[in-house]
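Remarks on the overall topology
This is what each chain is made of:
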Amino acid sequence: MIKNDLFLRALKGENVERPPVWMMRQAGRYLPEFMAIKEKYDFFTRCQTPELASEITVQPIRRYRMDAAILFSDILVVPQAMNIEVQMKPNFGPYLPNPVRTPQDVENIIVPDVTQALDYVYNAIKATKELLNDDIPLIGFAGSPWTILCYCVQGQGSKNFDKAKAFCFTNPVAAHKLLQKITDTTIAYLKQKVKAGVNAVQVFDSWGGMLSPTDYKEFSWQYINQIIEALKDEIPVIAFGKGCWFALNDMANSNASALGVDWTISPKVARQLTNNKITLQGNFDPSRLLSPPNVIKQMVTQMINEFGKDKYIVNLGHGILPNIPLKNVDAFISAVKEYKE
Ligand code: CP3
């Protein structure tokens, strides 16, 4: 039994005293204790060493007592396990030296035995569960197949993922084969995470909003939905699509437990598009954490009033930025904890 189960109750749609709160990328560079570990160990060493990954995961919890922890890891460990080389270059981000560019490249990609290839993730989950001591739930995650394809084909971050889109639009058969291989790997991976002890999973579709509504259905949503269908009987699934407000109505008709929304949609319209029937998570503009603490507090209270305290998980609309002052994060979290209807 988890002592603070606000987050799990909100995922079930139950009434709560106040909404739960956590922040995407909460284990990250705005924390001095994170930077101290980052100075000593490179990115994938941090991900692959259970003692480091679990320590980094609980750092924000010690400081702010969020209502859920999210495992420190990365969405790109999945293509790595599929034998695609992924580097994390300092001051540059992800770099894949041998990107997927042809149908033959897709044929060469493997669907790995995830129990072995990603065993360090399950060990990190077990180590984190011990540190958390059942105080709060632990979230596991994966990238959406489309967002993973974006990196596999583009080879790095991008403003428009033009090479990834060109590949899908000129080689749709190969693109769908690749998306299916990523989907199959992701489903097996998330099931192992559940076995290792996570209490909910989130699928990050960070680049879904790059697609038109029609292309989104074809290249992203149908694969996310396969993941939801495969996991729904085992664990609550949160689907976060950045810039995907146009798909909210379809998403609300799925078996996801919650939908993540970004700050480009108002709470009112998000509730309308989802017919008020599913838990929503979000959607504070991460840059708004640069406002003075008293302004942050007012805005958070207003955001809760607009979403309503039930069927709602307070979060940012995307990951926290590295330059956010610690006292501003405190204002964000405290405003939720002090919330009174
Ligand atoms: O949320 C958390 O606290 C858990 C940890 C987490 C990380 N990456 C750690 C990380 C999560 C959930 C992710 C997911 C992830 N990774 C996404 C989806 C969410 C999103 O933000 O859109 C994506 C697209 C990636 C790929 C990725 N990893 C990028 C683009 C970068 C570089 C980002 C940058 O600003 O430089 C990373 C590196 C990364 N992953 C960092 C962290 C804390 C920063 C670099 C470091 O710690 O060395």
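My aim in this report is to walk through the structure given alongside it, one point at a time.

Rules of the game
Residues numbered from 1 in each chain as written. Predicted model: local features only at pLDDT ≥ 70, side-chain atom pairs only at ≥ 80, totals over all residues. Heavy atoms only, no water. Helix = DSSP H or I, 4+ residues; strand = E, 2+ residues; numbered from the N terminus. Rg over C-alpha atoms; globule rule 2.2 N^0.38 Å. Contact = heavy atoms within 4.5 Å. Areas by Shrake-Rupley, 256 points an atom, 1.4 Å probe, with all protein chains shown as cover. Near = heavy atom within 4 Å. Polar contact = N/O pair within 3.5 Å; in protein donor to acceptor, adjacent residues only side chain to side chain. Nonpolar A, V, L, I, M, F, W, Y, C, P; charged D, E, K, R; others polar. Core = buried A, V, L, I, M, F, W, Y, C linked by side-chain atoms within 4.5 Å. Buried < 20%, exposed > 50% of the residue type's maximum accessible area, 1.4 Å probe, protein only. Pairing = 2+ DSSP bridges. Axes fitted to C-alpha atoms, helices over the stretch in contact; angles between N-to-C directions. Left-handed = near helix turned anticlockwise from the far one by under 90°.

1. A few points about the overall build of the protein chain
The number of helices and strands found in the protein chain is 16 helices and nine strands. Scaling as 2.2 N^0.38, a compact globule of 341 residues should have a C-alpha radius of gyration of about 20 Å, and the protein chain matches this with 19 Å. Overall size of the protein chain, expressed as C-alpha extent along the three principal axes, is 60 × 45 × 35 Å. The long-range share in the protein chain, meaning contacts at least 24 apart out of those at least 6 apart in sequence, stands at 74%. Entry remark: accessible area of the protein chain is about 14000 Å², with carbon and sulfur atoms responsible for 49%.

2. Describing the site of the ligand
Close to the ligand lie 23 residues; R25, R29, D74, S206 and H318 are nearest. Between R46 and the ligand, the recorded distance is 2.8 Å, taken from a side-chain N or O atom to an oxygen atom. Within the complex, 88% of the 870 Å² of free accessible area of the ligand lies under protein. Broken down by secondary-structure element, the contributors of at least two residues to the shell around the ligand are α2 (32–40) and α3 (43–48). For the shell around the ligand, the residue count by class is 14 nonpolar, four polar and five charged.

3. Some remarks on the nonpolar core
For soluble globular proteins, the rule of thumb is that nonpolar side chains tend to be buried together. Membership of the largest hydrophobic core comes to 128 residues, with the highest contact counts inside it found for F7, W22, M23, L118, L149, L259 and F332. For this core, the element with the highest residue contribution is helix α11 (residues 172–196), accounting for 10 residues.

4. Things to note about the pairing of strand β9 (residues 312–316)
Summarising burial for β9: five of the five residues are buried, a large majority. By the alternation rule, side chains of β9 split into Y312, V314 and L316 and I313 and N315, which are all buried. Both strand β8 (residues 279–284) and β9 contribute to a ladder of five bridges, which runs parallel. Note that in β9 the partner of N283 across the bridge is N315.

5. Overview of the pairing of strand β4 (residues 138–143)
In the case of a regular strand, side chains alternate between the two sheet surfaces. The element β4 is largely enclosed, with a buried count of six among its six residues. Neither face of β4 is left uncovered, since the one carrying L138, G140 and A142 and the one carrying I139, F141 and G143 both have all their residues buried. Pairing geometry for strand β1 (residues 69–70) and β4, over two bridges, is parallel. Counterpart to A69 in the pairing with β4 is L138.

6. A look at the environment of Q281
When you line up the elements, Q281 lands in strand β8. Judged by relative accessible area, Q281 falls into the buried class, the value being 2%. Q281 sits 13 residues away from N294 along the chain, and the two C-alpha atoms are 23 Å apart. Side chain to side chain, Q281 and Q202 meet in a polar contact 2.9 Å long.

7. Topic: the packing of helix α15 (residues 293–307) against helix α16 (residues 326–337)
At their nearest, the axes of α15 and α16 sit 8 Å apart, and the two run at 30 degrees to each other. Where α15 crosses over α16, the handedness of that crossing is right-handed. Contacts between α15 and α16 involve P293, I296, K297, V300, M303 and I304 from the first element and K327, N328, A331, F332, S334, A335 and V336 from the second. The class makeup of the residues in the contact of α15 with α16 is nine nonpolar, two polar and two charged.

8. Some points on the environment of R25
Relative to the elements of secondary structure, R25 occurs in the loop between α1 (6–12) and α2. On a C-alpha basis, the gap between R25 and Y122 in space is 19 Å, while along the polypeptide they are 97 residues apart. Among all residues touching R25, those that are not within four sequence positions of it are Y30, G319 and I320.

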